[in-house]
Amino acid sequence: MTHAMLKGSNVPLQATTVRAVLRWTPGQGVPDVDASALLLGPDDRVRSDEDFVFYNQPRHPSGQVWRLGKKRVAEGLTDTIQTDLAGVEASVGRILLVASADGVAFDRVTSLRILIHDAAAADAEPLAYFDIKPETGQETALICGELYRRGEGWKFRALGEGYSNGLKGLATDFGISVDESEGADDPVSAPRPDTAPPAPAPPSQP
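Thresholds applied
- Residues numbered from 1 in each chain as written.
- Predicted model: local features only at pLDDT ≥ 70, side-chain atom pairs only at ≥ 80, totals over all residues.
- Heavy atoms only, no water.
- Helix = DSSP H or I, 4+ residues; strand = E, 2+ residues; numbered from the N terminus.
- Areas by Shrake-Rupley, 256 points an atom, 1.4 Å probe, with all protein chains shown as cover.
- Core = buried A, V, L, I, M, F, W, Y, C linked by side-chain atoms within 4.5 Å.
- Buried < 20%, exposed > 50% of the residue type's maximum accessible area, 1.4 Å probe, protein only.
- Contact = heavy atoms within 4.5 Å.
- Pairing = 2+ DSSP bridges.
- Axes fitted to C-alpha atoms, helices over the stretch in contact; angles between N-to-C directions.
- Phe/Tyr/Trp six-rings, centres within 6.5 Å; stacked < 30°, edge-to-face > 60°.
- Lys NZ or Arg CZ within 6 Å of the ring centre and 35° of its normal.
- Polar contact = N/O pair within 3.5 Å; in protein donor to acceptor, adjacent residues only side chain to side chain.

### Focus: the overall build of the protein chain
For the protein chain, the helix and strand inventory stands at one helix and twelve strands. Listed N to C, the secondary structure of the protein chain is β-β-β-β-β-β-β-β-β-β-β-β-α in terms of helices and strands. Summed over its atoms, the accessible surface of the protein chain is roughly 10,200 Å², and 49% of this surface lies on carbon and sulfur atoms.

Here it is, written out as structure tokens:
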């Protein structure tokens with residue numbers, strides 16, 4: 001059964017590998033959305049800059065959290081983060097699942113939803129989903145939800161917490177060092193390497 005979640009609610013996860021799928025409806029004036037993840041240690045901050053999985057750093061060094069990238073599906077566009085919960089290092093207590101819109105406010109993103117899937121069950125219904133409604137509409141990054149430890153297991157909590165200073169501001173809040181100097185070798189400030197996949201071409205006429 002799929003859990004339809006409200007902000008602040010949580011659901012236990014029996015799956016050992018989960019896929020967090022961000023989905024939205026593309027259209028005229030709708031920005032491209034990127035999924036990312038922050039692995040937080042006991043003090044609720046990253047242990048190093050390597051704990052940030054995003055478009056310029058798509059795989060965590062542990063190999064347990066990685067970005068699958070964008071896909072075009074019947075319902076719109078998706079960007080996905082996959083996590084092997086069973087293998088996540090014991091010092092990681094929370095994994096934040098983040099959406100960012102490259103400097104454009106989320107009031108222009110339509111039908112934004114996060115879906116949690118059991119990665120081992122390819123075509124099964126999602127375990128849970130949460131429809132994300134920005135509080136002000138001016139947010140340029142959102143913490144959509146989090147995977148967090150409870151005893152020996154993991155849970156997912158729906159959050160929908162917004163940031164108006166983008167992915168860079170959100171990442172800095174959790175301990176990522178962002179170098180503001182001109183020309184700095186900073187992966188957060190580097191250009192995004194990918195955009196949404198193109199729409200399929202219409203069938204050719206006979």
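### Concerning the nonpolar core
Residues Leu22, Ile95, Leu97, Ile114, Leu147 and Phe156 are the most contacted members of the largest nonpolar core, which totals 37 residues. For this core, the element with the highest residue contribution is strand E3 (residues 17–25), accounting for four residues. Non-local contacts of Ile114, meaning those with residues more than four positions away in its chain, are made with Ala20, Val21, Leu22, Leu97, Ala128, Tyr129, Phe130, Ile132, Cys144 and Phe156. Grouped together as the second largest cluster of nonpolar side chains are 18 residues, Leu40, Tyr55, Ile143 and Leu167 included.

### So, the sheet that holds E3
Spatially, six strands are ordered E1-E10-E9-E3-E7-E6 in an open sheet, and the strand pairing comes out mixed. Because the sheet does not close on itself, it has two edges, and the strands there are strand E1 (3–5) and strand E6 (65–73). Averaged over all adjacent pairs, the angle separating strand axes in this sheet is 20 degrees, with direction ignored. Strand direction decides the pairing type here: strand E9 (residues 110–118) and strand E10 (residues 128–131), joined by four bridges, are antiparallel. Looking across to E10, one finds that Ile114 is bridged to Phe130.

### Describing the sheet that holds strand E12 (residues 153–163)
Strand pairing in a sheet takes place through backbone hydrogen bonds and is either antiparallel or parallel in direction. Spatially, six strands are ordered E2-E12-E11-E8-E4-E5 in an open sheet, and the strand pairing comes out antiparallel. Edge positions in the sheet fall to strand E2 (10–13) and strand E5 (52–53), since each of these pairs with one other strand and no more.

### Structural notes on the packing of aromatic side chains
Applying the stated criterion across every chain yields a total of two aromatic pairs. Note on Phe52 and Phe54: the rings are 4.2 Å apart at their centroids and 5 degrees apart in plane angle, and the pair reads as stacked. Judged by its relative accessible area of 1%, Phe52 is buried. On the basis of relative accessible area, Phe54 is assigned to the buried category, the value being 1%. In this structure an aromatic cluster arises from ring pairing among Phe52, Phe54 and Tyr55. In this structure, Arg113 packs its charged tip against the face of Tyr129, placed 3.9 Å from the ring centre.

### Thoughts on the pairing of E3
Extensive coverage of E3 is indicated by the burial of seven of its nine residues. Bridge analysis of E3 against strand E7 (residues 76–84) gives eight bridges, and the strand direction is antiparallel. Within E7, the position partnered with Val18 by the bridge is Thr83. Of the pairings in the sheet, the one linking E3 to E9 comprises seven bridges and is antiparallel in character. Counterpart to Arg23 in the pairing with E9 is Arg113.

### Quick notes on the side chain of His60
Tracing the chain through its elements places His60 in the loop between E5 and E6. A distance of 2.7 Å separates the side chain of His60 from the side chain of Ser62, its partner in a polar contact. Those residues in contact with His60 that lie beyond four places of it in its chain are Leu39, Arg47, Glu50, Asp51, Val53, Val65 and Glu89.

### A short note on helix H1 (residues 166–173)
Within H1, the full set of buried residues consists of Gly166, Leu167, Gly169, Leu170 and Ala171. In this structure, the buried side of H1 is in contact with strand E4 (34–40), E5, strand E8 (94–100), strand E11 (141–150) and E12. Of the residues trailing H1, Gly175 is marked for its positive phi of about 105 degrees.

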